[in-house]
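Examination of the molecular architecture
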Amino acid sequence: MLIVYLSLTGNVRSFVKRTDLESVEINYSDPLFEVQESFVMIAPSYDDDITDIISSFLNYKNNLEYLIGFVGSGNLNFDHNYCFNARDLAQKYNKPLLFTFEFSGTDEDVIYFKKEVNQLVSTRIK
C-alpha cells in the first residue's frame with residue numbers, strides 16, 4: 001500500500017523513511033498529482049493551510065477514491081490540537097483516523113504502523 005505524506009519540518013519524512021514502505025511526498029507548493037492505487041495519508045499538525053493543501057491533493061482527479069484513511073503526526077504538548085489536521089481530514093472525508101504519533105515517532109510506532117498497514121493490505125486482498 002502506498003503512503004502519501006506531507007512533511008514541512010522533516011518529522012513525517014523521517015517516520016516514513018523508517019517504514020521502508022512505498023511512499024510519495026506531497027509538494028507543499030504544488031500538491032496536484034494523481035495516484036492510482038490504495039494509499040494512507042499522513043498529515044502533520046501545523047495550521048489550517050495543511051488541511052487545504054491535502055484536500056487539494058485528495059480532490060485532484062480520482063485520488064479520493066483510493067484513500068483508505070489518515071495518520072497524524074503532532075506534538076502532545078498541543079493537548080486537544082494534537083494531530084488536529086489528520087482528525088479534521090478524517091471527519092471531512094468520512095475516513096478513519098488509523099494512527100497518530102508524536103514528532104517523528106518512536107521505533108515502536110514504526111513497527112505498529114507497519115503492522116497496521118500490512119493488516120489493511122491483507123484485509124483488502126481477501
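Relevant structure appears above.
Residues numbered from 1 in each chain as written. Predicted model: local features only at pLDDT ≥ 70, side-chain atom pairs only at ≥ 80, totals over all residues. Heavy atoms only, no water.

The next point concerns the sheet that holds strand β5 (residues 97-102). Taken in spatial order, the 5 strands of this open sheet run β2-β1-β3-β4-β5, and their pairing is parallel. Two strands close off the open sheet at either side, each with one partner strand: β2 (23-25) and β5. The average undirected angle you get between the axes of adjacent strands in this sheet is 20°. Along the sheet, helix α2 (residues 48-58) makes contact with β1 (2-5), β3 (39-43) and β4 (67-74), crossing β3 at roughly 165°. Helix α4 (residues 84-93) rests against β3, β4 and β5 of the sheet, and its axis sits at about 160° to β4. (Pairing = 2+ DSSP bridges. Helix = DSSP H or I, 4+ residues; strand = E, 2+ residues; numbered from the N terminus. Axes fitted to C-alpha atoms, helices over the stretch in contact; angles between N-to-C directions. Contact = heavy atoms within 4.5 Å.)

This next bit is on the packing of aromatic side chains. Across all of its chains, the model carries 8 aromatic pairs by this definition. Seen from their ring centres, F15 and F101 are 3.9 Å apart, and the 15° between their planes marks the pair as stacked. One end of the pair, F15, is in helix α1 (residues 11-19); the other, F101, is in strand β5, and 86 residues separate them in sequence. Looking at F101, the relative accessible area reads 1%, which means it is buried. (Phe/Tyr/Trp six-rings, centres within 6.5 Å; stacked < 30°, edge-to-face > 60°. Buried < 20%, exposed > 50% of the residue type's maximum accessible area, 1.4 Å probe, protein only.)

Turning to the pattern of salt bridges, a few remarks are in order. Applying the stated criterion across every chain yields a total of 3 salt bridges. Between D107 and R18 there is a salt bridge, with the nearest N and O atoms lying 3.4 Å from each other. Residue D107 is found in helix α5 (residues 107-125), and its partner R18 is found in helix α1; the two are separated by 89 residues along the sequence. We classify D107 as exposed; its relative accessible area is 54%. Here R18 falls in the partly exposed class, since its relative accessible area comes to 30%. E34 serves as the salt-bridge partner of K61, at 3.8 Å between the closest nitrogen and oxygen. A residue pair is termed long-range when its members are at least 10 positions apart, and K61 in the loop between α2 and α3 (63-66) and E34 in the loop between β2 and β3 qualify at 27 residues. Accessibility expressed as a relative area gives 53% for K61, which makes it exposed. What makes E34 partly exposed here is its relative accessible area of 33%. (Salt bridge = Lys/Arg side-chain N within 4 Å of Asp/Glu carboxyl O.)

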